[in-house]
Amino acid sequence: MTYDVHIIGGGLAGSEAAWQLANQGKRVRLSEMRGSGDMTPAHQTDHLAELVCSNSFRSDDAESNAVGLLHAEMRGLDSLIMAMGDKHKVPAGSALAVDRDGFSAGVTAALEGHPNITLVREKVAVLPTEGLTIVATGPLTAPVLADAIGSATGADALAFFDAIAPIVYRDSIDFDVAWFQSRWNKGDGKDYINCPLDKEQYIAFVQGLIDGEKGEFKDWEKDTPYFDGCMPIEVMAERGIDTLRHGPMKPVGLDDPRTGRWPYAAVQLRQDNASGTLWNIVGFQTKLKHGAQVELFRTIPGLEKAEFARLGGLHRNTFIRSPELLDPTLRLKARPNIRFAGQITGCEGYVESAAIGLLAGRFAAVEHDGALMMPPPPETALGALLGHITGGAEAATYQPMNVNFGLFPPITGRAKKTERKKLYTARAREAFSDWIAA
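Residues numbered from 1 in each chain as written. Predicted model: local features only at pLDDT ≥ 70, side-chain atom pairs only at ≥ 80, totals over all residues. Heavy atoms only, no water.

(A) Region of the structure containing the overall build of the chain. If you tally the helices and strands in the chain, you get 12 helices and 17 strands. Radius of gyration (C-alpha) of the chain: 22 Å, near the 22 Å computed for a compact globule of 438 residues. Along the first, second and third principal axes, the C-alpha set of the chain runs to 65 × 50 × 40 Å. Scored against the burial criterion, the 438 residues of the chain give a buried share of 57%. Across the chain, the fraction of contacts at a sequence separation of at least 24, relative to all contacts at a separation of at least 6, is 70%. In the chain, 45 side chains carry a positive charge and 54 a negative one; their mean positions are 3 Å apart. (Helix = DSSP H or I, 4+ residues; strand = E, 2+ residues; numbered from the N terminus. Rg over C-alpha atoms; globule rule 2.2 N^0.38 Å. Buried < 20%, exposed > 50% of the residue type's maximum accessible area, 1.4 Å probe, protein only. Contact = heavy atoms within 4.5 Å. Lys, Arg positive; Asp, Glu negative; His and termini not counted. Charge placed at Lys NZ, Arg CZ, Asp CG, Glu CD.)

Quick look at the structure:
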């Protein structure tokens, strides 16, 4: 089949872009190197839209949370990623978490079954010189293609570290110590497993993180900065004894049923698959060697006999200086037949990556028809995220960013924090409705 748009990369952004284009009648060639004999350091399957870190799409609250608002806008634009997320959701309180295997298998089946999409398992080494192209190769772009991108952009790619949390088998957790409860009893109250630590246990655990044997960095990784949104737990531990108690190990809102009180610190696990047999340790991304992880994590009360389906890991991610290199519709200024989408643009998060893929697909579809699509208003979650990527930040200091209300035009006047968030979302809904009706 001949094609109208070539998409390179079958992650969340590339999958969403392909879906949007195909549903608007455009013929798509979707190139994915996994399945052709190549693999990235983080992926484990050849499924499209594989989730390699957490299984959470974060808050689904569209009334007072920026990512929940982004969920709602994407659903309003027939997002495949959100449809499959909803179909394969697992309990996670007010968040949207998914069965990662069912989710990626569903995305793969939907795209393979679409008559306008040709999925080709191939490694692309050069950027096409002509024809509409979307590069959505993600933060683990193959080195040969990364070099081609560097040559085309005329700027060095930036990089940061991203980390993977370990996964525990539920039947290896000691429920004489651990208990089910969502913080402040949100959701159905049983969406998280909690393991309590007293002060002595917590201090020993922090010291174990600091002293534990870490994996060696490769030469090309040594000077790469970490991204704060996915900080390895041992790096947080080095920032101060109480850092973890105010981060992933905070105990607030969790009542230990044995004492009726909040513990000194707590480790939370979140359901990772639909059957509830796998649970990931929330916020426990790490560079500790696997043996050190097992030894240390089994000192956590309730996890003394824990068996791990997957241990934590760390890998380097790359992204381009998007504010300098891309126009407002994600086209590469030096090569306007090429668009970039997803984490390689410097957005952070599953949903954000898919959202930028969604926009790239829609921009390309309209351009193919010889027209121009107006970007979403900056008052919307989509528009705020796009604005950050294509011009809302200094290129020299540009860093990956999750969607947040700080990217939106400010609300005028005084209001309490909770009320202000609702003002943002109310304004966004109105702007989004006007945009899609135009």
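(B) Inspection of the environment of R427 at higher detail. Note that R427 resides in helix α12 (residues 417-437). The class for R427 is partly exposed, based on a relative accessible area of 23%. C-alpha of R427 to C-alpha of I411: the two residues are 16 residues apart in sequence and 9.1 Å apart in space. Not counting the four nearest positions on each side in its chain, R427 is found in contact with E379, F408, P409, P410 and I411.

(C) Examining the nonpolar core more closely. Counting 82 residues, the largest nonpolar core has F57, F103, I134 and L359 as its most contacted members. Residue contributions to this core peak at 11 residues, all from helix α10 (residues 350-368). For L359, the contacting residues outside a window of four places in its chain are L330, M373, P376, L382, L386 and W435. Formed by 32 residues, the second largest nonpolar core is a distinct cluster that contains Y202, V235, L269 and I300. (Core = buried A, V, L, I, M, F, W, Y, C linked by side-chain atoms within 4.5 Å.)

(D) Spatial organisation of the UniProt feature "binding site: FAD" (unreviewed entry) in the chain. UniProt marks G9, G10, G11, L12, A13 and G14 with the feature "binding site: FAD" (unreviewed entry), using the numbering shown here. If sequence neighbours within four positions are ignored, G11 has contacts with E32 and A49. As for its placement among the helices and strands, A13 is situated in helix α1 (residues 12-23). Its relative accessible area of 6% is what places A13 among the buried residues. Discounting chain neighbours no more than four positions away, the residues touching A13 are A136, A341, G342, S353, A354 and G357. (UniProt positions renumbered as here; feature names shortened; annotations may be inferred.)

(E) Highlighting the sheet that holds strand β14 (residues 308-310). Across the sheet, six strands lie side by side as β10-β11-β12-β13-β9-β14; this open sheet has antiparallel pairing. One side of each edge strand has no neighbouring strand; the edge strands of this open sheet are β10 (179-180) and β14. Both β10 and strand β11 (residues 192-197) contribute to a ladder of two bridges, which runs antiparallel. Each residue of the ladder has a partner; that of F180, found in β11, is I193. (Pairing = 2+ DSSP bridges.)

(F) Structural detail: helix α11 (residues 381-390). The element α11 is largely enclosed, with a buried count of nine among its 10 residues. Of all the positions in α11, only A381, L382, G383, A384, L385, L386, H388, I389 and T390 are classed as buried. Those residues of α11 hidden inside the fold are in contact with α2 (66-75), α9 (322-325), α10 and α12.

(G) Molecular detail of the sheet that holds strand β16 (residues 331-332). The strand order β6-β2-β1-β7-β17-β16 describes an open sheet built from six strands, whose pairing is mixed. Edge strands, defined here as strands with exactly one partner in the open sheet, are β6 (117-121) and β16. When strand β1 (residues 5-8) meets strand β7 (residues 132-135), the two strands line up parallel, connected through four bridges. Residue pairing across strands places H6 opposite T133, the latter belonging to β7.

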